Amino acid sequence: MTVGSKGRTLILSGLGLNCEKETAYCCEKSGAKKVDIVHTLLFLNGQVKLKEYDFLIFIGGFLDGDYLGSAKVAVNRFKFARLEGESLKRQLSDFIAAEKLILGICNGFQFMVKLGLLPDESMAFQSQKASLTQNHNALFEDRWVQLKVNPKNSNIFTKGISQLELPVRHGEGKIVVTDPDFQKRILNDELIAMYYADEKGEQTAEYPHNPNGSWENAAALSNKRGNLFGLMPHPEAYNHYTNHPQWTRRENQGEDGDGLLIFKNAYRYLS
Amino acid sequence: MAGDDHEKQQETSLGELINRRIEIILKEGLDDPEGQKALRIFHQSGFAEISEIRSLQAYRLQSPLIESKEHLHSLAQDLFVDPVLNDCLAEGFFGDDRDFDWYVEITYKPGVTDNASRVARENLGLLMPDDFSARARVLAARGFFIKGAIDLQSITEATGKLLMNPLIQKGEIISKDRWPDERERLLSIPTPSGDERIEVKEMDCSGVDSIMKLSRERTLALSVSEAQTIHQWFADPQRRKRRKEKGLPENASDIELEALAQTWSEHCKHKIFNAEIHYIDENGKSSKITSLYKSLIQKATRDIQKTLGDRDWCLSVFKDNAGVIRFNEDYSVAFKVETHNSPSALDPYGGALTGIVGVNRDAFGTGMGAELVANTDVFCFGPPDYDQPLPERLFHPKRVFEGVRLGVEHGGNHSGVPTINGSVVFDECFLGKPLVFCGSLSVMPAQHRGQPGEDKLANPGDLAVMVGGRIGKDGIHGATFSSEELGESSPVSAVQIGDPITQKKMFDFLWEAKNQNLYSCITDNGAGGLSSSVGEMAEFTNGCKIDLGQAPLKYEGLQPWEILISEAQERMTVSVSPLKIAEFLALSRLMDVESTVVGEFTDTGLFECFFNGKLVASLEMDFLHDGLPRMRLEAEWKAPAEELDPPELPSKMGETLKSILGRPDICSKEKLIRQYDHEVKGGSVIKPLVGVKRDAPADAGVIRPVLDLMMGLAVSNGICPKYSQIDCYHMAACAIDEAIRNIISVGGSLDQIAGLDNFCWPDPVLSDKTPDGKYKLAQLVRACEAVYDYCVGFGVPLISGKDSMKNDSVLEGKKISILPTLLFSAVGVIKDVRNCVTSDFKAAGDLIYLVGETFDELGASEYYRQLGKSNGAVPKVNLTKAKARYRLMETAIQNKWIRSCHDCSDGGLAVALAESAFGGRLGVRLEIKPALDTSGLREDLFLFSESQSRFVISIAPKDREAFERHFKDDPIFLLGETDDSGQFKIQSGQIDLIDEKIQDLFDAWRSTLG
């Protein structure tokens, strides 16, 4: 392990992003030493350096209103940023090579995939072979889904978790991979981190369990190394047991919401 | 910087340019949900002949900086194309090689806020020199390739009705045959038509008639007595002399007249609520009311505050953009609900969208600024299945519904604010104007720099700074237009589209500016535009100067008066000390938000405007704000006859229940609710949908607004315009009781519930147009009396409110007026959210009780409306009993005896039972004989009566004794228990009244709105 023991966390905000507060709250609850919420434009101006952090989070929201497709303009902002000093591409590749962590949630996940960071970071800033598009029913929907963790995927964030319930809140959550070779690679390398599942916890294509018609029922992807992870559902929205839609039907619940497990795994790894 | 040039176009520098075009289409083989959705809409509207629709995204461009087709192609590839999803053409048409019958392309008309085009231009700017935005025009377009044998007239009609709103959008329709000749049309970028001559005009104020003529021509909504006041004011020889000396016209300038009209509008000044009313009650007794607002609404709060004494938790009421209450020592909560009815009638999408983003500015701009935590929305529409012809200018209620839904989806979701609660009401009276209520809650630190966070103060010498979007001709005359009925001549300029992303960026900046203490006062730019925002802040210092030439414009060609009163969205006004202005503007630039100094606050007692260095308006502050004459109005109440004439006893009560469950007001709204983000911000505790399958209705939304704390806020709404058909006093009482009951139902306490009143009325002023004005005003008097009686009685202070008094439409000679409507919104502080309860039955074997008495109160009930019956008694709230019961419920919930709690409202006991059963997916087995006998009612009346202050609750059998002892002084009725049978079985004296499968009832409840 090359990472320091600080868990210094950078959350990028602004430009239509909106989950910074609850994401920061989850980090603080899960062992972060320091959490900075930084406006994306300041980051793109080069005012904040990635190397001062161990954990980078791309949060949910509507980057530039998701016009031109979710997160598309933000991806361009990163690709064509005119900052002085070290390029963003370089900063990110050093960050990843140092086995530090990147998490993308919802809009942040769409961003990571479209920038090429997921599921194979070597493509970042250059090519893109996976994408996310409109839900098959063309509706934005807020609903809780059952998630099954792919036991063969080796990312850091879902360690020790086999099943998880989280809310999805998106209109463009359908993962699309059309290149057969790339499909094969994702499957062979087990880069799908979580599947949409039915009430029994079995992977399913059936709506609304799979809320968007995603390829292979994928809800989350990771890179091969396992330090980059992105998902459509919102773990930060399940930060307390009373977030669960059925909490009033359950007895003797621990205070934590299960979404915190994702964050705790991150800080356990970083500590 | 891209944002600096928001929609700014500099015609002169563009010269002769090539019209360019990028087309983006989904790759063959990929699903096209947008196209499929359009196809579904066509089919649902009877266009069965359409067989396929494929969607396309296009961008029309002009810029000297785009050098060639190749350059454009590479820009498109780099910036617009998703290589996995899209194919792209630069300067070509996919239509050239496609099989289709019709191509339809939709764009926003010039001057309308167009977010897709703005973002596309910013996106191109990423690979262009810094001045690109100023030297480029970009128009985003949505295209559809349509296959099907349909003629030009039908496709034109369908496009106008189903795919766009012709008021603000333009559609190009081209057939395959004409394609080669007509496709060039798809390249044009129309420009906004600004005025060529910019000038300040003198207005003829020589007589009342001339002012009234101006009022009609300019949508000023002035009354004769207001015109008289204005005439006299400008006729004063001393004043004329002074004005002449200052270089002002002796008569009013157009700027002054417009500023007066906006400030004096019903929308801004609430003239009817402040009028002197001569009221005759049902006994012919006559009395004088000096101001409904002061003598009843405001007084209710003052009286409660007096009673609370030291424990008063109202921090700021009726003065700021929103009311503020204490949450705990560290935080305060602001709450505001606004209506956006008139704009929503013209464009449901834009009207609702601007409703949400507008009320968010209110809640954000309260005190020194507050963070948004929740939205709540309530809509009133015409019946979704309405099948009679409608006047040309009106949309079908279904279309209104969909437009409003989408507007709130974009407004709420894109603002990152959860929509935690809402309600939809249907009635034919809302065909003319829908009601769109948008509410917003925010949280602020209790202290800001050692001062209460709800306080603010602009100082003389502070600069007036406009932050956010630019000014255009959109949103001219919103305040005055909404102060009139909707008619053929309603101004199209009142329609606007909002931009929640620009607004979010502005909020991010202002929050940072607040934390750095860079401004002294803040308010929203809403109705009346700069005229109102600067004008109202100027009351702190007693004066202001506005330089209209400094205000940033979307495009050239705005008259100075338009700059002053435009309600263009996404703008706030702040006052900034000259010492801090540099820092403020630098931070603004850094965060890509436009801020402009537009004036200065003074203590001259004058509201002054300058244009090109010349004084063009100078009005005394006290005349502007307090000069308008008080209205004198007549009201006369006629008490309704409440005939108790029951219908025939239905032979199949189960079928009756099913038909009531399927009524639009009662049926499942899941599809609508799911399209709103109801849990962003991470503090969701009770969502709008609850139960095993998360599809049963919750009574109130509950959130943890501060994630570190277990304290919560419960938010609910009470609304029942149908009872206005009988008596508005009880309509208002029922709305108040419903809102409070819902808060109690989830675990709130009468200790701290605050209310908001939103009155939406048909014009209640006696005139030729409104011969029944006296009665309608008496209805308002009655409703206000109920608000006073019940708010004081329950100890629920009103902290903010709003009224919209002209909800009539006169189109094609037909007048449609709404039923008088009070929306009562409530927010309750929850001490510990972990003790909250939901409406779903929890386990088989639990005991089900009805809490509260049932009376023969079926007037305007869902049951009677289903039968088309118009008589009966309206439900009446027994304040003493209700209050005692709510206190008992609070303790019972805190003691954790109550496992489920659902309020009985529309549809009565039977509907409440069914909904709780849906939530738990549990059967029920009930014997109602004892309860029925106590009520003395017939079975159907008992099951469907809408008597107020009642709950359906369930408890575990082990708690029976404690629970019953607790309620020994209040009527509760054990009805039976839950079971696993899957049946909904109600007996009376062991005779089956209803025996239906839960699933069948559920299907009936679900089918109406899908």
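Quantities reported herein were computed from a predicted structural model and do not represent experimental measurements.

The rules behind each value
- Residues numbered from 1 in each chain as written.
- Chains lettered and ligands numbered in written order.
- Predicted model: local features only at pLDDT ≥ 70, side-chain atom pairs only at ≥ 80, totals over all residues.
- Heavy atoms only, no water.
- Contact = heavy atoms within 4.5 Å.
- Buried area = accessible area lost by both parts, 1.4 Å probe.
- Salt bridge = Lys/Arg side-chain N within 4 Å of Asp/Glu carboxyl O.
- Polar contact = N/O pair within 3.5 Å; in protein donor to acceptor, adjacent residues only side chain to side chain.
- Helix = DSSP H or I, 4+ residues; strand = E, 2+ residues; numbered from the N terminus.
- Buried < 20%, exposed > 50% of the residue type's maximum accessible area, 1.4 Å probe, protein only.
- 1 Å grid on protein atoms, 1.4 Å probe; cavity = no way out; pocket = protein on both sides within 12 Å on 5 of 7 lines; lining within 4 Å.
- Points joined across faces, edges and corners; volume = space filled by probe spheres on them.
- Nonpolar A, V, L, I, M, F, W, Y, C, P; charged D, E, K, R; others polar.
- Pairing = 2+ DSSP bridges.
- Phe/Tyr/Trp six-rings, centres within 6.5 Å; stacked < 30°, edge-to-face > 60°.
- Axes fitted to C-alpha atoms, helices over the stretch in contact; angles between N-to-C directions.

**Comments concerning the interface of chain B and chain A**
Then step 1. Between chain B and chain A, the residue contacts involve 72 residues of the former and 66 residues of the latter.
Then step 2. Of the roughly 5,600 Å² buried at the junction of chain B and chain A (both faces included), carbon and sulfur atoms supply 52%.
Then step 3. On the surface where chain B and chain A come into contact, there are 10 salt bridges.
Then step 4. A salt bridge links D840 of chain B to R249 of chain A; the shortest N-O distance between them is 2.5 Å.
Then step 5. Taken together, chain B and chain A are joined by 32 residue pairs in polar contact (both at pLDDT 80 or more).
Then step 6. Taken together, the elements giving at least two residues each to the side of chain B that touches chain A come down to α2 (33-44), α3 (69-79), α4 (115-125), α15 (397-415), α17 (500-515), α23 (670-674), β26 (684-686) and α28 (908-920) of chain B.

**Quick look at the pattern of salt bridges**
Residue and element names in this part refer to chain B.
Then step 1. Counted under the stated rule, the structure contains 104 salt bridges over all chains.
Then step 2. When the shortest N-O distance is used, the salt bridge between E172 and K170 registers 3.0 Å.
Then step 3. With a relative accessible area of 8%, E172 lands in the buried category.
Then step 4. When its relative accessible area of 36% is taken as the criterion, K170 is described as partly exposed.
Then step 5. Beyond isolated ion pairs, a larger network of salt bridges with shared partners links D427, R663, D665, K722, E862, R865, D906 and E946.

**Details of empty space enclosed by the protein**
All names here are of chain B.
Then step 1. A full pass over the atoms with the stated rule returns 13 cavities of 30 Å³ or more.
Then step 2. Taken as a whole, the largest cavity spans an internal volume of roughly 840 Å³.
Then step 3. Around the largest cavity, the lining is made up of 46 residues, and of these G422, S423, V424, D665 and P697 lie nearest the centre.
Then step 4. With seven residues, strand β13 (residues 419-426) is the largest single contributor of residues to the lining of the largest cavity.
Then step 5. Residue composition of the lining of the largest cavity, by class: 23 nonpolar, 10 polar and 13 charged.

**Describing the environment of A48 of chain B**
Then step 1. As for its placement among the helices and strands, A48 of chain B is situated in the loop between α2 and β2 (50-62).
Then step 2. The spatial distance from the C-alpha of A48 of chain B to the C-alpha of G148 of chain B is 8.7 Å, given a sequence separation of 100 residues.

**With respect to the pairing of strand β7 (residues 163-170) of chain A**
Where a strand is regular, its side chains alternate between the two sheet faces.
All names here are of chain A.
Then step 1. Along β7, seven of the eight residues are buried, which leaves the element largely enclosed by surrounding structure.
Then step 2. Where strand β6 (residues 141-149) lies against β7, eight bridges are found, and the strand directions are antiparallel. Within the sheet, the bridge partner assigned to V145 lies in β7 and is L166.

**What to know about the packing of aromatic side chains**
Residues and elements named next belong to chain B.
Then step 1. Evaluation of the coordinates by the stated rule reveals 42 aromatic pairs over all chains.
Then step 2. With centroids separated by 5.5 Å and ring planes inclined at 80°, the aromatic side chains of F100 and W179 adopt a geometry described as edge-to-face. One end of the pair, F100, is in the loop between β3 (86-90) and β4 (102-108); the other, W179, is in helix α6 (residues 179-182), with 79 residues separating them in the sequence. When sorted by exposure, F100 lands in the same class as W179, which is buried.

**Quick look at the sheet that holds strand β7 (residues 276-280) of chain B**
Residue and element names in this part refer to chain B.
Then step 1. Spatially, three strands are ordered β8-β7-β25 in an open sheet, and the strand pairing comes out mixed. Of all strands in the sheet, those with a lone pairing partner are β8 (286-289) and β25 (632-636), marking the two edges. Averaged over all adjacent pairs, the angle separating strand axes in this sheet is 20°, with direction ignored.
Then step 2. Sheet topology note: the β7/β8 ladder contains four bridges and is antiparallel. If you follow H278 over to β8, its bridge partner there is K288.
Then step 3. Along the sheet, helix α25 (residues 773-794) contacts β7, β8 and β25; its crossing angle with β25, the most-contacted strand, is approximately 85°.

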